[in-house]
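The lines below spell out each chain.
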Amino acid sequence: MTSRDAILAAVRANQPTSTPPIPDIPMFESSRPLLERFQESLISMGGKIAPALDGQSLDTLVQSLFPDAAVICSGTPEVRGTRSLDETAGPATLADVDVGVVRAAFGVAETGSVWLSEEELKVNAIAYLAQHLIVLLDPTRIIGNLHQAYRDARFKIARYAVLVTGPSATADIEGVLIHGAQGVRSLIVALIPL
Amino acid sequence: MKPIDHAEASSHFIEAKEHLEFHDRRLWDLRLKRDREALAIPEWEELRDLASAIKEHTLTHLADYLEEFEAQAKKNGGHVHWARDGNEHNQIVYDILSAHDAKTLVKSKSMLTDECEMRPFLEMRGVEVIETDLGERIQQLDDEPPSHIVVPAVHKLRGDVSEVFARTIGSEPGNTNVPYLAEAMRRNTRPYFLSAEAGMTGANFAIAETGSFVVCTNEGNADLSANVPKLHIASIGIEKIIPKLEHLAVFIRMLSRSALGSPITQYTSHFRAPRPGTELHVVLVDNGRSQRLGMKDFWYSLKCIRCGACMNTCPVYRRSGGLSYGATYSGPIGIIIDPAFDIRKYSHLPYASTLNGSCTNVCPVKINIHEQIYKWRQIMAERNQLPLVKKEAIRVIGKVMSEPRLYRAAISATGLAFEHLPRFAIYNWLNPWGRQREVPAPPKQTFRNWYLENRSRR
């Protein structure tokens, strides 16, 4: 008997015979304004909101946020940056990126998260190997909570999908909060309509 | 093998006063943060009911959901392996690595690989394993197991970390600045991410409907381990399955709130299919879980989502440290899981509890933890696994309590004894309770005598 069959047989023999039904999951909608709640949650998780564009170009905004950045790598045609994101190059070639720029598919107000998949990231590792990440988000694409998020069919299509909430963080030494554990040191969301 | 003596092991932890006080405070702080988040959600208790019901449904239909997960994962282009125990899991992982000529493995935190003792298995066969979670890396470099399932090095202070890093990764000796230490780890680990041939993660949840699995982390290390090398291996316990994506929402909303008191982890990552040109391997591990599923009183423990809330709230855990349990899983959840792995080795653990029920109250999936601890105590007593002093004490108490005349004589004698006996007769090895405490002064009069005087003639 293969291990697979042995395990499945043992599970079948032992699983309790009571058969509680699977519950329906309510949507638990909240009446709080979405944008306000998104910003509050994002900031509590260590993320930031970019200042308004005020007529300047997106490239100018990115440069003003990171004036010392040598390599700015963008996964969206809205920002040119200094280097285009080459989908065919290996992820390790992104090791020297100072600032990555991507556009999120949507945001979640409850948690301050942005949704990204290989479609938005081009090379998944950009969201982690870059020192800093700027995420463009259409403010009309903010949904209320995770119950709504997980009804999105794109979860069933994406090979890789991630809810990113603020920058990488650790509190593993004496509970002292550090931003920039292994991934990006900062995360800025720019609320730019599509 | 001799049973783990939790009380003896924790006495070493208690001796380091500064460590003990910090540990207690830090974990209680996590508990308070958890309370703040839970109270901010009006439907919190409803979410707990839902989470419990989803898990109970899944576990009672587990074989079908495992088959559905496997079929979907294969359809997505992944490879699915099955391991009956830790050794088979380790061998499968090693065989995959060998087939890819992988000599270095970057991995994120996984209690399951600790449970399987995978690291020494691979290292003996020439694979370099790099833990990339900060806490887990500290423990690896110090050659200690994790002491907490969410914050593995919570029993260490910054001075301890500084000493470990200076000795192992060349940080500046004596520099105890926390941002400096975290940065030293980041700089030491980055080259491994870029050059390792293989990456490994665990999984918090696996979804039958989509064949995908979910990893919840804060540091970004799991996503680097999975998204940079060309080979991704994920070790998943068979109890991690849930039916559909819509069920995932319930758990994601509660996991980090219960664990760390944050609304969500920084990264909630969903892996469904390999990146083009790479391989994704899933290893489904039993290692005693199917047996536990058949244990009438204990199968509920398989609902656990490893948030650690029960540990943070437990007065015994906070004041004894995870390493004193001598097992992969410590704290209240460990007490009910560990004896199922080895009933003799962990026979004393069910006594490392006050049975105050706080663990049960904070559990996001409503496991009746303190009731299971009590059940394990009954089993240990039936199987004659009690320590001698406890056994004798319980035998004497049983006799005295069953005979009113004996009971009355004993009570008045006890009162006299406490008033007149020298300290060494009361505070000795037969009375571990009195080690850190003063026995309260006995009342002047027993309740029975008071009743006879004041009430019995009315």
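Along every chain, residues carry numbers that run from 1 in the direction the sequence is written. Chain letters and ligand numbers both follow the written order, the letters beginning at A and the numbers at 1. Local features are withheld for residues below a pLDDT of 70 in this predicted model, meaning they are given only at 70 or higher, and side-chain atom pairs are given and counted only at 80 or more; totals for whole chains, interfaces and linings count all residues.

**Student:** Where do I start with the overall build of chain B in this structure?
**Tutor:** What chain B contains, in helices and strands, is 22 helices and ten strands. Relative to the 2.2 N^0.38 estimate, which gives 23 Å for 458 residues, the radius of gyration of chain B is 25 Å and therefore close to what a compact globule would have. Principal-axis analysis of the C-alpha atoms gives chain B an extent of 90 × 55 × 45 Å. Our exposure labels follow a C-beta count within 10 Å of each residue's own C-beta, placed from the backbone: buried means 20 or more other C-beta atoms, exposed means 12 or fewer, and partly exposed covers the counts in between. In chain B, which comprises 458 residues, the proportion classed as buried is 49%. Each residue gets a C-beta atom placed from its backbone, and two residues are in contact if those atoms lie within 7 Å. Put simply, of all contacts in chain B between residues at least 6 apart along the chain, 75% involve residues at least 24 apart. For helices the rule is a DSSP run of H or I covering at least 4 residues; for strands it is a run of E covering at least 2, with both sets numbered from the N terminus onward. Every radius of gyration here is taken over C-alpha atoms, with the globule rule written as 2.2 Å times N^0.38, N being the number of residues.

**Student:** Can you walk me through the overall build of chain A in this structure?
**Tutor:** Along chain A, the regular secondary structure elements total six helices and twelve strands. Along the first, second and third principal axes, the C-alpha set of chain A runs to 65 × 45 × 40 Å. Burial analysis of chain A (194 residues in total) assigns 45% to the buried set. The long-range fraction of contacts in chain A, counting pairs at least 24 apart against all pairs at least 6 apart in sequence, stands at 73%.

**Student:** What exactly am I supposed to notice about the domain arrangement of chain B here?
**Tutor:** Taken domain by domain, chain B consists of domain 1 (44-244 + 267-287), domain 2 (297-382) and domain 3 (389-454). Delimitation of the domains relies on an automatic or database domain assignment. Look at where the C-alpha atoms of domain 2 of chain B and domain 3 of chain B centre, and you get two points 30 Å apart.

**Student:** What's the story with the nonpolar core in this structure? I'm lost.
**Tutor:** Grouped burial of nonpolar side chains is what soluble globular proteins tend to show. One nonpolar core equals one set of buried Ala, Val, Leu, Ile, Met, Phe, Trp, Tyr and Cys residues connected by C-beta atoms within 7 Å. If you look at the biggest cluster of nonpolar residues, it comprises 172 residues, and the most contacted ones within it are Ile126 and Val135 of chain A together with Leu66, Leu105 and Leu248 of chain B. It is helix 12 (residues 245-259) of chain B that contributes the most residues to this core, nine residues altogether. Both of domain 1 (44-244 + 267-287) and domain 2 (297-382) of chain B provide at least three residues apiece to this core. In this structure Leu66 of chain B touches Leu8 and Val11 of chain A together with Ile238, Ile241 and Leu284 of chain B, once residues within four positions along its chain are discounted.

**Student:** How should I be thinking about the sheet that holds strand 4 (residues 198-201) of chain B in this particular structure?
**Tutor:** Backbone hydrogen bonds hold the strands of a sheet together, and the pairing may be parallel or antiparallel. Residue and element names in this part refer to chain B. Two strands make a pair as long as DSSP finds a minimum of two bridges between them. The strand order across the open sheet formed by six strands is 1-10-7-4-2-3, and the pairing between neighbours is parallel. Two strands bound the open sheet, and with one partner strand each, they are strand 1 (79-83) and strand 3 (128-131). Taking the axes of each pair of neighbouring strands and ignoring which way they run, one obtains an average angle of 25 degrees across the sheet. For strand 2 (residues 104-107) and strand 4, the ladder comprises three bridges, and the chain directions are parallel. The residue bridging Val106 from the neighbouring strand is Gly199, located in strand 4. Each of strand 2 and strand 3 is contacted by helix 10 (residues 178-195), which is oriented at about 115 degrees to strand 2, the strand it contacts most. Lines fitted to C-alpha atoms define the axes, with helix axes restricted to the stretch in contact, and inter-axis angles between N-to-C directions lie between 0 and 180 degrees.

**Student:** What should I look at first to understand the interface of chain B and chain A in this one?
**Tutor:** Accessible area lost upon the coming together of the parts serves often as the stated size of an interface. Facing 70 residues of chain B, the contacting portion of chain A comprises 58 residues. Classification convention: Asp, Glu, Lys, Arg as charged; Ala, Val, Leu, Ile, Met, Phe, Trp, Tyr, Cys, Pro as nonpolar; all other residues, Gly among them, as polar. Among the residues making up the side of chain B that touches chain A, the classes are represented as 35 nonpolar, 19 polar and 16 charged. Relative to strand 9 (residues 267-271) of chain B, strand 9 (residues 160-164) of chain A is paired through five bridges, and the arrangement is antiparallel. Bridge assignment links Val162 of chain A to a residue of strand 9 of chain B, and that residue is Ser269 of chain B.

**Student:** Explanation requested: helix 3 (residues 44-60) of chain B in the structure shown.
**Tutor:** Each full turn of the α-helix corresponds to 3.6 residues, which orients residues three or four apart in the same direction. Residues and elements named next belong to chain B. In this model helix 3 runs 24 Å from its N-terminal to its C-terminal C-alpha over 17 residues, within 8% of the 24 Å that 1.5 Å per residue would give. Buried within helix 3 are the following residues: Leu47, Arg48, Leu50, Ala51, Ser52, Ile54, Lys55, Glu56, His57, Thr58 and Leu59. For helix 3, the secondary structure elements touched by its buried residues are helix 4 (62-75), strand 8 (241-242), helix 12 and helix 13 (289-293). A helix is expected to span 1.5 Å for every residue after the first.

**Student:** For this particular structure, what's the right way to read the confidence of the model for chain B?
**Tutor:** Low pLDDT marks stretches whose predicted atomic positions should not be read closely. In this model, chain B carries an average pLDDT of 94, and 99% of its residues clear a pLDDT of 70 or more. If you check the scores for this complex, the pTM reads 0.92 and the ipTM reads 0.98. In predicted models, pLDDT denotes the confidence assigned by the predictor to each residue on a 0 to 100 scale.

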